[in-house]
Structures are given as C-alpha cells and as structure tokens.
Amino acid sequence: MKFIYASICETGSRSSNEDAIGVWRPSDDCLLAAVADGLGGMGGGHFASAIAIEVIDKTLAINANPSENLFGIAELIHSEIRKKQLYGDDFKAMATTLSAVYLGSEGLRGVHCGDTRVMVARGQGIKRLTKDHTDVARFYEQGKITKSEYRDYPRKNILYSALGGKKDPEIQKFCFSVESGDWILLTSDGVHGRISMTEFRDIANISGGPDEYVTSLRNLLDRKGVSDNFSAVVVHVVSE
C-alpha cells in the first residue's frame, strides 16, 4: 500500500496560529503524521505545539521507525514543554494537544492526548480512533449530561489532559488495520468543531485524492465560518 497526503494549517479568524502539523516519510512505504494544537495564551501555545513537532522531527533523525515508541515520544514532548515553561511567564502555562499516527506495513499505530482527533473513513462508514480529553466528554461518558447538553455545552474546549500540563497527562495509544481506499483524517478542533462526522465521510466519497479532499474541506469551512485556527492532515491509502 501507498500513503498519499495533503494538509492544511491556517490561522483562521485568530491573530496567530497555535496549531502545528508535521508529515514525514521515513521510507517509501510508510508515513508519520501529526497535528498539535497549542494552548496557554501569551504566545505560549504556539511554542508548545512547535515543540511537539520538533521533538518528533528530532526523534526521526535518530530512529526512522518510531512506530513502537510513539507513547515514549508523547512523554518526551510533555517533558520538553515542562522544561521550557521555566523560561518565563509567557511560557509557564503553555501546553499542547497531540494526535499522531504511523502508517506502514503493520497498519496504523497512533498516540493521542487532548482534543485533536484521528478518524478513518471507509466506504459509507467513519470511525473515530481517539477520545477527547475534555471535561464535557468526560461528563457525557459518566452520564452527567445528555447528548443534547453535550452538543450545547458552552466550554467544550476545557481539557483535563494535555502535554505540558501540570498533571501527568493521559496518553492514549491505539492501532487500526487499514485497507486500500481508507482515508485517515487528523484534525484540530477548529476543523471538527465545525464539520460533522457525516460531512467528513461524504467529502471522502466524492474526492479523487487528498488535494481534492482538502480543497473541499476548506470550502466547507469557508461556508460555515471559522472562529479558530484550523488544521488537518488527510492521508489516502491506495494500492501499489
């Protein structure tokens, strides 16, 4: 199988972009992709998400096949951000989300923290592989709020876990067996906060490739309006 991709990472309606993305090809038959969404204000969010991508980049320079150590990479990102928080008041509250996947002959392996997401669209179905580490998602899982209350919750972006946070982060590991024709979607909340799962699936079913998918995604976001940075990496799995 081959993995072809396109990406988008834009400021949207904000004055600066706290999102960061990275895509690497350690070899011809594998691909690593990541989306990070920084937080912390005073410019710190921008630095936190950039640190996440930089740590992955440096790791790849040492180990071209990090699929078995994605969890360790996430822990290293957390540690590096905590160190950089000591540089001054502008950085002391910074943290970042991270969703990263490695695609190769063994399928998909991933690691995740925060409320960026990884989804897989296949035919008439779409599946989310990550869970949101947000207060509202936890309240819903615990049965404290209804689906309607979840949808209308005013502070959906409050995280209980992020890399660089004061508490040890909750880091999710996941894997998935991919097939030719699958679409792997990594998104920040500026995208999936405006686009429904059904819409993600429908774009996949009318797109001839990742570039076309990203164009359709951008056009839909333009029509709906955006209030945040927005980023996505779109990977299409195709036969050799």
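A brief look at the structure comes next. (Residues numbered from 1 in each chain as written. Predicted model: local features only at pLDDT ≥ 70, side-chain atom pairs only at ≥ 80, totals over all residues. Heavy atoms only, no water.)

## Details of the overall build of the protein
As a reminder, the rule being used: Going along the chain from the N terminus, every DSSP run of H or I of four or more residues is numbered as a helix, and every run of E of two or more is numbered as a strand. Each radius of gyration reported is based on C-alpha atoms, and the globular scaling rule is 2.2 Å times the count of residues to the power 0.38. Relative accessibility thresholds used throughout: buried, under 20% of the residue-type maximum; exposed, over 50%; partly exposed, between the two (1.4 Å probe, protein chains only). The contact definition used throughout considers only heavy atoms, calling two residues in contact when any of these lie within 4.5 Å. Values of accessible area rely on a 1.4 Å probe in the Shrake-Rupley scheme; residue burial ignores everything except the protein chains shown. Residues scored as charged are limited to Lys and Arg (positive) and Asp and Glu (negative), so that His and the chain ends carry no count. By convention, the point assigned to a charge is CZ for Arg, NZ for Lys, CD for Glu and CG for Asp.
Secondary structure assignment for the protein yields seven helices and 11 strands. For the protein, the C-alpha radius of gyration of 17 Å lies close to 18 Å, the compact-globule estimate for 240 residues. Each of the three principal axes of the protein carries a C-alpha extent, and together these read 50 × 45 × 35 Å. Considering the protein as a whole, with its 240 residues, one finds that 50% of them fall into the buried category. For the protein, contacts bridging at least 24 residues in sequence account for 70% of all contacts bridging at least 6. With an accessible surface of roughly 11400 Å², the protein has 48% of that area assigned to carbon and sulfur atoms. Distance from the positive charge centre (28 side chains) to the negative charge centre (32 side chains) of the protein: 5 Å.

## Some thoughts on the environment of Leu163
Within the fold, Leu163 resides in the loop between α4 (147-151) and β9 (172-176). With 115 residues separating them in the primary sequence, Leu163 and Ala48 have C-alpha atoms 8.6 Å apart. For Leu163, the contacting residues outside a window of four places in its chain are Ala74, Ile77, His78, Ile81, Ala95, Thr96, Leu98, Cys113, Pro169 and Ile171.

## Considering the nonpolar core
Proteins that are soluble and globular tend to have nonpolar side chains buried together. Keep this limit in mind: Within this scheme, the nonpolar core is defined by two criteria: the residues are buried Ala, Val, Leu, Ile, Met, Phe, Trp, Tyr or Cys, and they are joined through side-chain atoms within 4.5 Å.
Counting residues in each nonpolar core, the largest one holds 26 residues, and the members touching the most others are Ile56, Ile77, Leu98 and Leu163. Secondary-structure elements contributing two or more residues to this core are β2 (19-24), β3 (31-39), α1 (44-62), α2 (70-84), β5 (98-104) and β6 (107-113). Residue contributions to this core peak at seven residues, all from α1. The contact partners of Ile77, leaving out residues within four places of it in the chain, are Ala52, Val55, Ile56, Thr96, Leu98 and Leu163. Within the second largest apolar cluster, 19 residues are counted, among which are Ala6, Phe200, Ile203 and Val214.

## A closer look at the pattern of salt bridges
Our working rule: Definition used for salt bridges: Asp or Glu carboxyl oxygen within 4 Å of a side-chain nitrogen of Lys or Arg.
A complete count under the given rule lists 16 salt bridges for this structure. Between Arg14 and Asp228 there is a salt bridge, and its shortest N-O distance comes to 3.6 Å. Of this pair, Arg14 sits in the loop between β1 (2-10) and β2 while Asp228 sits in the loop between α7 (210-224) and β11 (230-238); the two residues are 214 residues apart in sequence, bridging distant segments of the chain. For Arg14, a relative accessible area of 43% corresponds to the partly exposed category. Overall, the relative accessible area of 18% leaves Asp228 in the buried class. Among the charged side chains, a network of salt bridges with common partners joins Glu68, Glu106 and Arg109.

## Some remarks on empty space enclosed by the protein
It is the rolling of a water-molecule-sized probe over the atoms that shows where space remains empty. The test is simple: Here a cavity denotes a set of grid points, spaced 1 Å apart and computed over the protein atoms alone, in which a 1.4 Å probe fits but from which it cannot get out, and a pocket denotes an open set meeting protein on both sides within 12 Å along at least five of seven lines; residues with an atom within 4 Å of a point are reported as lining. Grid points are joined across faces, edges and corners, and a volume is the space filled by probe spheres set on the points. Under the grouping applied here, Gly and all other residues not named as nonpolar or charged are polar, the nonpolar ones being Ala, Val, Leu, Ile, Met, Phe, Trp, Tyr, Cys and Pro and the charged ones Asp, Glu, Lys and Arg.
This structure, assessed with the given rule, holds one cavity of 30 Å³ or more. Taken as a whole, the largest cavity holds about 30 Å³ of empty space. Leu32, Ile56, Leu70, Ile73, Leu98, Ala100 and Val111 together form the lining of the largest cavity. For the lining of the largest cavity, a count of residues per class yields seven nonpolar, no polar and no charged.

## Details of the packing of aromatic side chains
What counts, and what does not: Each aromatic pair joins two rings of Phe, Tyr and Trp (for Trp, the six-membered one) with centres within 6.5 Å, and gets the label stacked for planes under 30 degrees apart, edge-to-face for over 60, and tilted for any other angle. In this analysis the charged atom, NZ for Lys or CZ for Arg, is taken to sit over a ring once it is within 6 Å of the ring centre and within 35 degrees of the ring normal.
Under the counting rule described, the total for this entry stands at three aromatic pairs. With a centroid separation of 6.2 Å and 65° between ring planes, the pair formed by Phe139 and Tyr153 is classed as edge-to-face. Here the residue Phe139 occupies a position in helix α3 (residues 135-141), and Tyr153 occupies one in the loop between α4 and β9, the gap between them amounting to 14 residues. When its relative accessible area of 23% is taken as the criterion, Phe139 is described as partly exposed. Ring centres of Trp183 and Tyr213 lie 5.3 Å apart, and the angle between their planes is 35°; this geometry places the pair in the tilted category. Note that Trp183 is positioned in strand β10 (residues 183-187) and Tyr213 in helix α7, a separation of 30 residues in sequence. An identical accessibility class is assigned to Trp183 and Tyr213; each is buried. In this arrangement the basic side chain of Arg138 is found over the ring face of Tyr160, its NZ or CZ atom lying 4.0 Å from the centre. Here the guanidinium or amino end of Lys173 rests over the ring plane of Phe71, the centre of that ring lying 5.6 Å away.

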